[in-house]
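Here's the letter readout for the chains.
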Amino acid sequence: QVQLVESGGGLVQPGGSLRLSCAASVSAMLFSINAMGWYRQAPGNQRELVAVITSGGRPNYADSVKGRFTISRDNAKITVYLQMNSLKPEDTAVYYCNARISTNGGTARDYWGQGTQVTVSY
């Protein structure tokens, strides 16, 4: 059983900052956490990748957030973070945490958090 719990969303003015957190809870004897990342979905749009980080700590970002967002992870806490600076109104969306996890030697699969709303507005 895997659960991803997100926190840190909210309302912020343009130019402001927010930090999202996503903690994974895994109830399995053996498990492996592969890549973890953040996606977002604005009304009327498809879900899109924001940032992803490998188990080794290598990040990759969507062009739209490069230089403004920073993804990081704490493997001991099985937590991934997204520091969002210089926020723009077009960053407004529901942000979803994603983690690719294998349990008890099985095939890795994607797990999703419940989503957290980020609104950038005056």
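Residues numbered from 1 in each chain as written. Predicted model: local features only at pLDDT ≥ 70, side-chain atom pairs only at ≥ 80, totals over all residues. Heavy atoms only, no water.

J.: What exactly am I supposed to notice about the packing of aromatic side chains here?
T.: Centre distance and the angle of the planes are the two values used to describe a pair of aromatic rings. Taken as a whole and judged by the stated rule, the model has 1 aromatic pair. Consider the rings of Tyr-39 and Trp-112, whose centres lie 5.0 Å apart with planes at 65 degrees: the pair is edge-to-face. Taken as a pair, Tyr-39 in strand β4 (residues 31–41) and Trp-112 in strand β10 (residues 109–112) lie far apart in primary sequence, 73 residues in all. In this structure Trp-112 comes out as partly exposed when scored by relative accessible area, which is 38%. Over the face of the ring belonging to Tyr-81 we find Arg-19, whose NZ or CZ atom lies 4.2 Å from the ring centre. Taking NZ or CZ as reference, Arg-47 lies 3.7 Å from the ring centre of Tyr-96, over its face. (Phe/Tyr/Trp six-rings, centres within 6.5 Å; stacked < 30°, edge-to-face > 60°. Helix = DSSP H or I, 4+ residues; strand = E, 2+ residues; numbered from the N terminus. Buried < 20%, exposed > 50% of the residue type's maximum accessible area, 1.4 Å probe, protein only. Lys NZ or Arg CZ within 6 Å of the ring centre and 35° of its normal.)

J.: It is not clear to me how the side chain of Thr-116 should be interpreted in this structure. Could you clarify?
T.: The topology assignment puts Thr-116 in strand β11 (residues 116–120). Residue Thr-116 is classed as buried on the basis of its relative accessible area of 11%. From its side chain, Thr-116 meets the backbone nitrogen of Gly-9 in a polar contact 3.4 Å long. Discounting chain neighbours no more than four positions away, the residues touching Thr-116 are Glu-6, Gly-9, Leu-20, Ala-93, Val-94 and Tyr-95. (Polar contact = N/O pair within 3.5 Å; in protein donor to acceptor, adjacent residues only side chain to side chain. Contact = heavy atoms within 4.5 Å.)

J.: Sorry if this is basic, but what is going on with the pattern of salt bridges here?
T.: Oppositely charged side chains may form a pair once their charged atoms are brought near each other. Under the criterion given, the structure shown has 5 salt bridges. Close ionic contact of Lys-66 with Asp-63 constitutes a salt bridge, the shortest N to O distance being 3.1 Å. A salt bridge links Asp-91 to Arg-68; its shortest N-O distance comes to 2.8 Å. With Asp-91 in the loop between β8 (79–84) and β9 (93–103) and Arg-68 in the loop between β6 (59–61) and β7 (69–74), this pair connects stretches of sequence that are 23 residues apart. Take Asp-91 and Arg-68: they sit in the same class, and that class is buried. Shared partners join several salt bridges into a network, and the residues in it are Arg-40, Glu-48, Arg-68 and Asp-91. (Salt bridge = Lys/Arg side-chain N within 4 Å of Asp/Glu carboxyl O.)

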